[in-house]
Number of protein chains: 4
Amino acid sequence: MKTIKDSVHDHIVVDGVARDLLDTPAVQRLRNIAQLGTVSLVYPSANHTRFEHSLGVYHLACEALEHLGIGGIEADRVQAAAILHDVGHGPFSHNLEELTHRKTGRYHDDVHDLLAVGEIGDVLREHDLEPDAVADLVAGNGRFGQIVSGELDVDRMDYLVRDAHHTGVPYGTIDHGRLVRELRFADGELVLAEGNVQTAESLLVARALMNPTVYSHSVARISKAMLRRAGEQLLEAEETDAHTLQRMDDHDLIVSLRSSDATGEFSRRLDHRDLYKRAVWAEIDDVPGGIIEADHEAIREFEREIADLANVDPETVIIDVPARPSMKESTTRVLVNGDVRQLGRQSPLVDALRAAQYSQWRLGVYSSDDVREPVGRAAVDVLGLDIDGPLVTEVRDGLYATLDQFVD
Amino acid sequence: MKTIKDSVHDHIVVDGVARDLLDTPAVQRLRNIAQLGTVSLVYPSANHTRFEHSLGVYHLACEALEHLGIGGIEADRVQAAAILHDVGHGPFSHNLEELTHRKTGRYHDDVHDLLAVGEIGDVLREHDLEPDAVADLVAGNGRFGQIVSGELDVDRMDYLVRDAHHTGVPYGTIDHGRLVRELRFADGELVLAEGNVQTAESLLVARALMNPTVYSHSVARISKAMLRRAGEQLLEAEETDAHTLQRMDDHDLIVSLRSSDATGEFSRRLDHRDLYKRAVWAEIDDVPGGIIEADHEAIREFEREIADLANVDPETVIIDVPARPSMKESTTRVLVNGDVRQLGRQSPLVDALRAAQYSQWRLGVYSSDDVREPVGRAAVDVLGLDIDGPLVTEVRDGLYATLDQFVD
Amino acid sequence: MKTIKDSVHDHIVVDGVARDLLDTPAVQRLRNIAQLGTVSLVYPSANHTRFEHSLGVYHLACEALEHLGIGGIEADRVQAAAILHDVGHGPFSHNLEELTHRKTGRYHDDVHDLLAVGEIGDVLREHDLEPDAVADLVAGNGRFGQIVSGELDVDRMDYLVRDAHHTGVPYGTIDHGRLVRELRFADGELVLAEGNVQTAESLLVARALMNPTVYSHSVARISKAMLRRAGEQLLEAEETDAHTLQRMDDHDLIVSLRSSDATGEFSRRLDHRDLYKRAVWAEIDDVPGGIIEADHEAIREFEREIADLANVDPETVIIDVPARPSMKESTTRVLVNGDVRQLGRQSPLVDALRAAQYSQWRLGVYSSDDVREPVGRAAVDVLGLDIDGPLVTEVRDGLYATLDQFVD
Amino acid sequence: MKTIKDSVHDHIVVDGVARDLLDTPAVQRLRNIAQLGTVSLVYPSANHTRFEHSLGVYHLACEALEHLGIGGIEADRVQAAAILHDVGHGPFSHNLEELTHRKTGRYHDDVHDLLAVGEIGDVLREHDLEPDAVADLVAGNGRFGQIVSGELDVDRMDYLVRDAHHTGVPYGTIDHGRLVRELRFADGELVLAEGNVQTAESLLVARALMNPTVYSHSVARISKAMLRRAGEQLLEAEETDAHTLQRMDDHDLIVSLRSSDATGEFSRRLDHRDLYKRAVWAEIDDVPGGIIEADHEAIREFEREIADLANVDPETVIIDVPARPSMKESTTRVLVNGDVRQLGRQSPLVDALRAAQYSQWRLGVYSSDDVREPVGRAAVDVLGLDIDGPLVTEVRDGLYATLDQFVD
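Residues numbered from 1 in each chain as written. Chains lettered and ligands numbered in written order. Predicted model: local features only at pLDDT ≥ 70, side-chain atom pairs only at ≥ 80, totals over all residues.

*Asks:* Is there a simple way to think about the interface of chain B and chain C in this case?
*Replies:* The parts lose accessible area when they come together, and the size of an interface is often stated as this lost area. The interface of chain B with chain C comprises 31 residues on the first partner and 31 residues on the second. Listing elements by their share of the side of chain B that touches chain C, those giving two or more residues are strand 1 (2-6), helix 2 (25-28), helix 3 (50-68), helix 10 (154-167) and helix 15 (250-259) of chain B. Looking at which element gives the most residues to the side of chain B that touches chain C, the answer is helix 15 of chain B, with four residues. A breakdown of the residues in the side of chain B that touches chain C according to their chemical character gives nine nonpolar, 13 polar and nine charged. (Contact = placed C-beta atoms within 7 Å. Helix = DSSP H or I, 4+ residues; strand = E, 2+ residues; numbered from the N terminus. Nonpolar A, V, L, I, M, F, W, Y, C, P; charged D, E, K, R; others polar.)

*Asks:* Honestly, the sheet that holds strand 6 (residues 318-320) of chain B in this entry has me stumped. Any pointers?
*Replies:* Residues and elements named next belong to chain B. The mixed open sheet is built from five strands, whose spatial order is 6-9-5-11-10. Among the strands making up the open sheet, the edge pair consists of strand 6 and strand 10 (393-396). Taken over all neighbouring pairs, the strand axes of this sheet differ in orientation by 25° on average, direction set aside. Relative to strand 11 (residues 399-401), strand 10 is paired through three bridges, and the arrangement is antiparallel. Bridge pairing in strand 11 places Thr-393 opposite Ala-401. (Pairing = 2+ DSSP bridges. Axes fitted to C-alpha atoms, helices over the stretch in contact; angles between N-to-C directions.)

*Asks:* What is the right way to look at the environment of Asp-175 of chain C in this model?
*Replies:* In this structure, Asp-175 of chain C sits in the loop between helix 10 (154-167) and helix 11 (176-181). Asp-175 of chain C sits in the buried class, given 25 other C-beta atoms within 10 Å. Taking C-alpha positions, Asp-175 of chain C is 30 Å from Pro-91 of chain C, a pair spaced 84 residues apart along the chain. Residue contacts for Asp-175 of chain C: discarding those within four places in its chain leaves Thr-199 and Ser-202 of chain C together with Val-169 and Pro-170 of chain D. (Buried ≥ 20, exposed ≤ 12 C-beta atoms within 10 Å, placed from the backbone.)

*Asks:* Any chance you could explain the nonpolar core here in plain terms?
*Replies:* Here is a general trend for soluble globular proteins: nonpolar side chains tend to be buried in one another's company. In this structure, Ala-61 of chain A, Ala-61 of chain B, Ala-61 of chain C together with Ala-61 of chain D are the most contacted members of the largest nonpolar core, which totals 521 residues. If we skip the residues at most four places from it in the chain, Ala-61 of chain D touches Val-78, Gln-79, Ala-82, Ile-147, Val-148 and Val-154 of chain D. (Core = buried A, V, L, I, M, F, W, Y, C linked by C-beta atoms within 7 Å.)

*Asks:* Explanation requested: the interface of chain D and chain A in the structure shown.
*Replies:* At the junction of the two partners, chain D supplies 31 residues and chain A supplies 31 residues. Looking at the side of chain D that touches chain A, the elements with two or more residues in it are strand 1 (2-6), helix 2 (25-28), helix 3 (50-68), helix 10 (154-167), helix 15 (250-259) and helix 16 (264-272) of chain D. Considering every element that reaches the side of chain D that touches chain A, the biggest residue donor is helix 15 of chain D, with four residues. Residue classes in the side of chain D that touches chain A are distributed as nine nonpolar, 13 polar and nine charged.

*Asks:* Is there a simple way to explain the relation of the copies chain D and chain A in this structure?
*Replies:* Two chain copies, one operation linking them: a rotation about an axis together with a shift along it. Once turned by 180° and shifted 0.0 Å along the axis, chain D lies on chain A with an RMSD of 0.0 Å. Classification of the inter-copy transformation places it as that of a two-fold axis. The rotation axis passes nearest to the C-alpha of His-251 of chain D in chain D, at a distance of 2.4 Å. When the interface residues of chain D are mapped onto chain A, 100% of them are again interface residues, pointing to one common binding face. (Least-squares fit on C-alpha atoms with pLDDT ≥ 70 in both.)

Structure follows, in structure tokens:
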């Protein structure tokens, strides 16, 4: 039994299979992957890692299992899955997922593959756990998989409080103690016990407020887009391949970017926080055939056209189109009068928060400050933006944005 | 200059008129008035007082004034108003307001009267402040009155974080530092600067989550209703009058209730936390002529009829009809593209939270546990509740509630 | 099973005998006794009560029992003792103990008596616990009594963190999680496991820093002395007797003081925080026959002589001689190389902290501000203070203090 | 003006020269240097950086300047020094200082050199500050240098609370608000105002408790020694030179260690947390000619002899001899009765804490677990340790330690 001090949950007791998993290289690697990627360029104290988060998820999983009265091999499996749930992540957490997904067809390394081999596979088998069964839980499959990955999972509970603790933004401070206590199983589904519509709403609200303030802060989006572009340059220069990139940690990636001629400019800019600026920041016209449906190659082509028109280096124009807002928590299940109900049908907040997310959904075109004006004008042309419509306006010379709450 | 250590804001520097006001009996009296009244019967650590809250409001007012660039006599007035904003409160804060309002025609003592006389009046005049001008600010009047009492006032900012700190419920933990920094004046109105729709929403959300969890928790409502009834018995027994009651502090009131034959039963129950239970907990039918329009006498008559039908002592039936939910924050003003907009028009959250409040709005009929069944049945009859309709159902013998999330 | 939200320990689960004890009048009464008595006149947010503290002690006792592997009836007894450990306290916690002790021969009500009778006795017997056995644990007797009352008791752990949380003074923030985890039994004695000399020192240091800053702050001492004098006046006026006084809660005592002619002056001063000032604040000459050996009557006689000489009302002079500093924690036991050792023999800090306590040990003579000068001069005469010696100097007209770090 | 959210101090306002300095590469580099080096191998959430610490030091410096009433160019200089005080640090903060000092003759880069050149020099001169004057403050020279580097500097105040926040160890939680408020200048020296002996002691105590628990935790010492050895191997293999090493950040160093054949073994071990164990952990015999006086070459020779005798690879034996304990805070100055006194002469705690530090002072000999036994035996021989004396005993086969509180 090992007791580890954590800044969020205080003492975390690690035992059994979890303890042995902790010492594997794949889990130790998570010490070198920042939980929030480039968000630390906005919130300088947000340097926490996937490792401490994994410990926190394990801790909350243990509490949930205790309250749910689950023990034995099933608890071991969930605990192993909790410790391992992020081992597939590449450097900078989610920041490069799109890139590696495009190249490898996977958002992150296949957990079934990772868990079957090497020291992790050995440890699991020593503890009589089948790697596939644990990987299923990581993927959120099955009754107990919901504890690790689902609408009410302990992953979300940990990251909200942890991100709040390390950024200093209080919105994520949920009552995780209450959440894990109120978990129940009803008809094989993980639900919140009677009297917890509010508790479920608070989880939803926390994420809805953390989203624009932290996770999708415009500077975090810009730096993430720059990092993604640098990663792409690295692959194009064949300095590495997508699979190797995916297995790097933050140190490897940063030094690779610094060392390569192809990525020197973005690397220098990221290192010195000399970031691109927004030339376009416009509400997205979510219509058939609209930009949201363009694939990566189409976007790259737009970037080249914009650069061409603006007479700048094509590498220095970045179009950033985030996916349609989702709200996984809307299907959170709560017990109401003995029936299992989806939060989205029970609470008017769900639709309101979804609407709020859509109203904050923005297309970004980024470039270095000195060419922002020509890039902005060119982007309007190339992307066919209607600067007389409600979605985008010329805020000042060459800067086009949906005016609503735009702060440069 | 005096530095006072506060558990919420750390060091609070009190100076000038505020320092002198602090030593007046009327302000010192606030040490003996619990901020949350009977809420401590639900959250045992919520024993904070109006005094420390007043200090906190003063502290945030000073920060707001600094960020707004307001100094001189105008700042003095606001600081005085901040320290004094609660001096009119009776014992147990808002718990007895309805009672004293009914008897005296006032929700709390007239601040204009209180500020003009005694040591407060002396101190204000010594510092060249006119009591009436300060009282106007307390009432939220005028440009600077909005800082003390309005949609974006520092009163709300302090009580949310303070109540969160002392109850342990995290929902009230707003980013008050950001809120006071982002205050601006636009066309004479206090607004939040550009880019703060989210910040405004977070304030709204915090109150919306604290409301059912803390302020209107069913046990807090029951104990408050019992306290109000005891206060009424005290007045009816002519052991005191409404004005004297209003000037008591918590100690006086509690001992008065203990000492009077008329109030012995409720006093004992409150002291021993031997509280009434809900016999009816039903959604309110907000129709013309409905119970929401009944005045106090009509309610008292209903209570007597219920008691009569149930064959119990008329004093042991309490009907509790809260006022229609309000959402003052919906008129919070934010700057959006240089225009002042009301949050209610800008954010879909406002309507959703208002709808949520309405869906939680409940009529309560309370009685001692042993007669809950007959009282429940009688209340259904007397109040003409439709137990086949959606608003109320027989949950179990003699207990009638809107089923939705009812937890006994 | 009942879950209670606490501002310090978050969720506290109360079950079994503890849950039933919680509903007894004697435990509910603790809601009305301030944990720190008059300390709230120095730290305005320190309004926490013996009730929440008792819950906290129960919570830590449960954790300690779990880590020590103690269950069954023995755990029930300890849990009951934890909830009940403060039921004997009079109003304002320790503030009036000296007074009631003098009158009744007891520092607080005899716990053996209190636990045998009334609802507490009934509840204990219903749960097959003998009141005497539980009272023995409260008194710190026996193997398991050390958990509740001893050098390493959970009482101290709770009050240090709780007092830090509510005053805002960080010094009490110990690592209680580690302390309860590292408890062991060795030869029937409660000790800290190997590797915890530091942990034991941290507990000692926390109390040593909280002591002058919070518990013995000069303003807390003055107001406590005034309250004690008022209590004495109340008894002398035969408005109540010592036993009744002891069973009052804070509300009763405050209103009694307000109502009595005999105590009106002190009551008004305490209510308005119009406190006495120090006329003498001198290091204590701890010699045979010195003031530390004077009994209450001798002190009262000195007060009268001083008043006579200063020509002031004898009731307005208060001499305050605190007992010799003690350091219970010096006998804390820690395991060092398998041997049980007393911290006082292991750590040089113990002697240093004891020396520090002695160097802060002060005799106070208090009076109203307007007569401080004559009272100070008279006190020097009557008490035979050597104002040319190192223990006391005339700081300014009529104010005599050990200069060392004197701040008026 | 820029407002940055910090997890410790909440909002930090950065303005003027500090704001411009923040954007320089030399300051941005501090984002990539962990504040506590390898301590994160003990406390997984301790991933905070020198960058956020520098912001915190700047913030406290601003508060100190305000309370001290210092403005104008002098305040600008102090603020610049606060932001810049750590720019000379090499990778992993202090972990490699001994190594680079040995090679370059400097503990860290000369601040006078660093501040005069590049963007920092430009920014300083643009704001009419002479780099040398700022560098003097960083070095703690002059009246105002004491604010940045001295017994009462804001550097220490920030790191104690920040390290407590991020490790979760509460001992560092000092009352920094009070400390900065109580700073005064007396005869050109920075002192704490009257009444603050306790406050000064609390700072001392905080560091004394953090030291063994965090900064000198045995696992932190072992991993630091391994990192230092790896750094030495890198230099010996001529893969880099000391000056280049010193200018690396953590990313560069980690990847350099991973890439070099010479350092592969240590690099793998540090990456996988497969750390050396203690073979000797003995109290240090502080006698003339003792090991404390041995220089690096002598230590290396001992290591080789031990390896030879134990028949293991000479690179796998590490002797770790920490410098004599120091207690800079003992010369903290406090005002006592108007005189400036050194805390060490005023408080018995200083000597006690120094004695405690000496009693914890340990010589370590580390090796991989599988050869711990032969290495331990060989070290006893080579270092001439008296295993019958009080300083070292054979705890079990081949493991030699001062028994006192040894926990493997």
